[in-house]
Structures are given as C-alpha cells and as structure tokens.
Amino acid sequence: AGASVALASSFAMAGFARPAIVKTDASGAFAFGVQAVTRYLVVADASVRPRVTSAVARVDLRDPLATPDALRLVLYPCDASIHGTIFDTAGGVVPGAIVSLATTGESALTTELGARAGTDGVYDLCVPLGGTTVSVRVDGYARLVENVNVSGRTRRDFTLVPGTSLVGKV
C-alpha cells in the first residue's frame, strides 16, 4: 500500500514527456486508465517502506499477446543497497540528486522515484543483489548512468559533471 508506480512511454524515455505516477491502494493495486498503444516502462518504488527494492517491467501494448491488465511487480526485501554521497567535479556535495534504477537498451530512464540525496548529498538506495544499472540525475548536471555490482551494503559515491543544453539549427 502507498507505493509509487510510474508509467513512462517512449516519449518519456526519450526525455520529451514526464512519466505518469500513481499510488497503489491498500491491496497494492494500481491503474493508469486507457493508454496509447505503444511501449511503456513501469517502475514501482516503495519509498514509504525504504527497505525494499524497486521493480521494473517493460510492457509493449502493440503486442497482441500482452496482458497489461495482469501486470505484477514484486518489491523484494532489501538484501543489497548502495549508499554514499553525490559530489560535483569541484568536490562540493550535490543536494537533491535522484539515484534510481535505470534501464538499458532504449534510453536510460529515471523518474522522480528512487533515493533523493539530502542537503548533505547523502543517499541510500535498495538495489537487486548482484549487478544493476543506476542513474544519478539532478537539474544543472549531466545524467550519470553506471553499472554497479552489489552484495550486501556497498558504499558508492558519484561525481556529477555540470551540464548544459546544446541548441542549433540545420
């Protein structure tokens, strides 16, 4: 109950839209209503219960065999986690950065779900045991996507590079 579930379309995965986010009801159920027939990424996060992992599932509504009304996301006990501090290249801390599970293969998607670094730049995120890909992002800095191998509680600091937009005309 109370977990956040994000639904990200291909547009959101490309950075052109924000994912839709809903909360689960008392039974853990969630619904996004009627959606366009395209590919989606569904991410469940239970920050209300911080000692469980997030869950990620891909759904392709273009597939006639897809069963979007039977999607089941499982949040496992936190057997592995990464924690540390988010720094910038000058050595200062970066408050408010979001550290989350990332996807590979399409484009890295991060949502507002995940662990948000405090004012001291410190974060703590449950992750699946073994190897996983995490993303670190915050406005004003380039998104960082890295693979991490985790067993138990692992310290992992990240350093973000200031970012800017690139605009032109062809």
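Let me sum up the structure you'll find in this document. The residue numbering used here restarts from 1 in each chain and proceeds along that chain's sequence as written. Only residues with pLDDT of at least 70 get local features here, since the model is predicted, and only at 80 or more are side-chain atom pairs given and counted; chain-wide, interface and lining totals rely on the full set of residues. As a convention, hydrogens and water are excluded, and side-chain values are obtained from all of the structure's heavy atoms.

What follows concerns the nonpolar core. By size, the foremost hydrophobic cluster in this structure holds 20 residues, and its most contacted members are I82, I86, Y123 and F158. For the purposes of this entry, the term helix denotes a DSSP run of H or I that reaches at least four residues, the term strand denotes a run of E that reaches at least two, and both are numbered from the N terminus. Those elements that place two or more of their residues in this core are β5 (81–88), β6 (98–101), β8 (122–126), β9 (130–137), β10 (144–150) and β12 (158–160). Residue contacts are counted whenever heavy atoms from the two residues lie within 4.5 Å of one another. Excluding residues within four positions of it along the chain, Y123 makes contact with I82, H83, G84, T85, I86, V99, A115, A117, R156 and F158. Counting residues in hydrophobic clusters, the runner-up holds ten residues, among them V42, A44, A57 and V59. Side-chain atoms within 4.5 Å link the members of a nonpolar core, which is a set of buried Ala, Val, Leu, Ile, Met, Phe, Trp, Tyr and Cys residues. Each residue's exposure class comes from its accessible area (1.4 Å probe, protein chains only) as a fraction of the maximum for that residue type: buried when under 20%, exposed when over 50%, partly exposed otherwise.

What follows is about the pairing of β10. In this analysis, strands are considered paired if DSSP registers two or more bridges between them. By the bridge criterion, seven bridges tie β9 to β10 in an arrangement that is antiparallel. Paired with V136 across the two strands is L144, which belongs to β10. Hairpin connection, β9 to β10: the antiparallel pair is bridged by six residues, and G140 has positive phi, about 95°.

Turning to the state of the cysteines, a few remarks are in order. Only a pair of cysteine sulfur atoms within 2.5 Å counts as a disulfide in this structure description. Following the criterion strictly, the structure yields one disulfide and no others. For C78, the disulfide goes to C126, at an S-S distance of 2.1 Å. Between C78 and C126, the S-S dihedral sits near -110°, and the bridge is therefore left-handed. Taken as a pair, C78 in the loop between β4 (55–60) and β5 and C126 in strand β8 lie far apart in primary sequence, 48 residues in all. By relative accessible area, C78 is classed as buried at 17%.

Right, let's get into the side chain of S9. With respect to the helices, strands and loops of the structure, S9 is situated in strand β1 (residues 4–9). When near neighbours in sequence (up to four residues on either side) are disregarded, S9 contacts R39 and Y40.

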